[in-house]
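# Structure at a glance
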Amino acid sequence: MSSMKTVNEIRRAPAPHWVGDGFPVRTVFAAHSGEAAAISPFLMLDYAGPHDFPPSEDGRPRGVDEHPHRGFETVTIVYQGEIEHRDSSGNSGKIGPGDVQWMTAASGVVHEEKHGTAFTQRGGTLEMIQLWVNLPAREKMSKPRYQEILSAAIPNVPLAGDAGSVRVIAGAFDNHRGPATTVTPMDVWDIRMCRGGSASFQLPNGANAIVLPLVGRAVVNGSDVNQHECAMLGRDGETLEINATDADATILLLSGQPIDEPVVAQGPFVMNTADEIRQAIQDYRGGRMGSLAAKA
Ligand code: MN
């Protein structure tokens, strides 16, 4: 007999702030504010938009200029719009609606994140998520790597009773495995539910779980979760019941085995000790995380 996971907290929708000149984000949760154990292996989630950008006057893409990361992964999920990026290990790419970029910064990456060139020129609606995923200590200084996951590679699995569908980005749902390679076990599911639909999900006992309605609202194990609020569920139990009460809903579900190690987070670096943060700052300033090639 499986037991229901308990909703520990409904997090209110935070006010938006700008990241660079391209990303009006709500920081839904952040290890930087001292709640690492409840959200591990996740560290931070910024939900950007939906925000309408006019066509650019000067053709210069909005976004975030060159900056470093060390010790974790950045996962960018695009719902609307287009993002281009390039990094110090020579990777670059463009992702659009339904696509995901899963960047393992590990020992260190310097990158920029911008609106796509075509999106910049024609303008439009931007809606995306950036999720930070922690790495265990043994992997924090491994070689950076990068997964570009296009929408077509993500299984879209129907829910029973025409309740909706689940795009399995990472982990597995109903025997469909998502394409993302993860370092520790986790599920990242982009769930679409029809108005009035209900569904039951089984997650591992011991995993933290977070449910975030981006569009519409939901009842999660009996608790109301409004748009842009976030349900934080405890580690015990396996079952998650989600009902889309009064409208179609787009829901992000995150679940993962916690990494129970110390988290010391400072800006773009997330390590295990303050010494490792000081080292990261020195390595970045010393150019040892690389730099971006000048744009042609
Ligand atoms: Mn970044």
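Structure: see above.
Overview of the structure. This one's a predicted model, so the numbers in the text were calculated from it and none came from an experiment.

About the criteria used
- Residues numbered from 1 in each chain as written.
- Predicted model: local features only at pLDDT ≥ 70, side-chain atom pairs only at ≥ 80, totals over all residues.
- Heavy atoms only, no water.
- 1 Å grid on protein atoms, 1.4 Å probe; cavity = no way out; pocket = protein on both sides within 12 Å on 5 of 7 lines; lining within 4 Å.
- Points joined across faces, edges and corners; volume = space filled by probe spheres on them.
- Helix = DSSP H or I, 4+ residues; strand = E, 2+ residues; numbered from the N terminus.
- Nonpolar A, V, L, I, M, F, W, Y, C, P; charged D, E, K, R; others polar.
- Buried < 20%, exposed > 50% of the residue type's maximum accessible area, 1.4 Å probe, protein only.
- Contact = heavy atoms within 4.5 Å.
- Core = buried A, V, L, I, M, F, W, Y, C linked by side-chain atoms within 4.5 Å.
- Salt bridge = Lys/Arg side-chain N within 4 Å of Asp/Glu carboxyl O.
- Pairing = 2+ DSSP bridges.
- Phe/Tyr/Trp six-rings, centres within 6.5 Å; stacked < 30°, edge-to-face > 60°.
- Donors = N, O, S within 2.8 Å, 3.2 Å for Na, K, Ca; no water.

### Structural notes on empty space enclosed by the protein
Applying the stated criterion across every chain, the model contains 1 cavity of 30 Å³ or more. Approximately 50 Å³ is the volume attributed to the largest cavity. Residue lining of the largest cavity: Thr76, Ile83, His85, Ile95, Gln101, Glu113, Met128 and Gln130, and that is the complete set. Secondary-structure elements contributing two or more residues to the lining of the largest cavity are β7 (83–87) and β11 (124–134). Looking at the lining of the largest cavity, its residues break down into 3 nonpolar, 4 polar and 1 charged.

### Focus on the environment of glycine 20
With respect to the helices, strands and loops of the structure, glycine 20 is situated in the loop between β2 (17–19) and β3 (23–30). Judged by its relative accessible area of 45%, glycine 20 is partly exposed. Considering only alpha carbons, one finds glycine 20 and arginine 62, 42 residues apart in sequence, at a separation of 7.7 Å.

### Quick notes on the environment of leucine 292
Examined against the element boundaries, leucine 292 turns out to sit in the segment after α3 (274–285). For the pair leucine 292 and glutamate 57, spaced 235 residues apart in sequence, the C-alpha separation works out to 25 Å. If near-sequence neighbours (up to four positions away) are discounted, leucine 292 is found in contact with Glu66, Arg86, Asp87, Ser88, Val110, His111 and Glu112.

### Considerations on the nonpolar core
Phe29, Leu45, Trp102, Ile129, Leu131 and Val188 are the most contacted members of the largest nonpolar core, which totals 36 residues. Broken down by element, the residue count for this core peaks at 5 residues, all from strand β4 (residues 42–53). Ignoring anything within four residues of it in the chain, the contact list for isoleucine 129 reads Leu45, Asp46, Tyr47, Val75, Thr76, Ile77, Tyr79, Leu212, Leu214 and Leu252. Grouped together as the second largest cluster of nonpolar side chains are 26 residues, Val157, Leu159, Leu233 and Leu253 included.

### Focus on the pattern of salt bridges
By the definition in use, this model includes 14 salt bridges. Here aspartate 21 ties to arginine 60 by a salt bridge, and the two come within 3.0 Å at their closest N and O atoms. Taken together, the residues span a long stretch of sequence, with aspartate 21 in the loop between β2 and β3 and arginine 60 in the loop between β4 and β5 (63–69) at a distance of 39 residues. What makes aspartate 21 partly exposed here is its relative accessible area of 32%. Put simply, Glu9, Arg11 and Glu35 are held in one network by salt bridges that share partners.

### Structural notes on the layout of surface pockets
Quantified by volume, the largest pocket comes out at close to 270 Å³. Taken together, 15 residues line the largest pocket, and the ones lying closest to its centre are Val19, Asp46, Glu113, Gln130 and Trp132. At the level of secondary structure, the elements contributing two or more residues to the lining of the largest pocket comprise β2, β3, β4, β5 and β11. Residues that form the lining of the largest pocket fall into these classes: 8 nonpolar, 5 polar and 2 charged.

### Notes on the pairing of strand β22 (residues 230–233)
For a regular strand, the rule is simple: side chains alternate between the two faces of the sheet. On β22, burial covers both faces: Cys230 and Met232 on one face and Ala231 and Leu233 on the other are all buried. Pairing of strand β1 (residues 7–11) with β22, which is carried by 4 bridges, proceeds in the antiparallel orientation. Residue pairing in the sheet places arginine 11 in a bridge with cysteine 230 of β22. As paired elements, strand β19 (residues 208–215) and β22 share 3 bridges and run antiparallel to each other. In the strand pairing of β22, alanine 209 is matched with leucine 233.

### Quick notes on the packing of aromatic side chains
Tallying each qualifying case throughout the model produces 6 aromatic pairs. A centroid spacing of 5.3 Å and a plane angle of 65° characterise the contact between phenylalanine 173 and tryptophan 189, whose relative ring orientation is edge-to-face. Of this pair, phenylalanine 173 sits in strand β15 (residues 172–173) while tryptophan 189 sits in strand β17 (residues 186–193), and the two are 16 residues apart along the sequence.

### What to know about the coordination of the manganese ion
Coordination sphere of the manganese ion, protein contribution only: His67 (NE2), His69 (NE2), His111 (NE2) and Glu113 (OE), at 2.1 to 2.2 Å. Each donor residue of the manganese ion belongs to the same chain, and together they define the spacing H-x1-H-x41-H-x1-E. Within this pair, whereas histidine 69 is found in strand β5, its partner glutamate 113 is found in strand β10 (residues 109–115), the two being separated by 44 residues in sequence. In terms of burial, histidine 69 and glutamate 113 fall into one category: buried.

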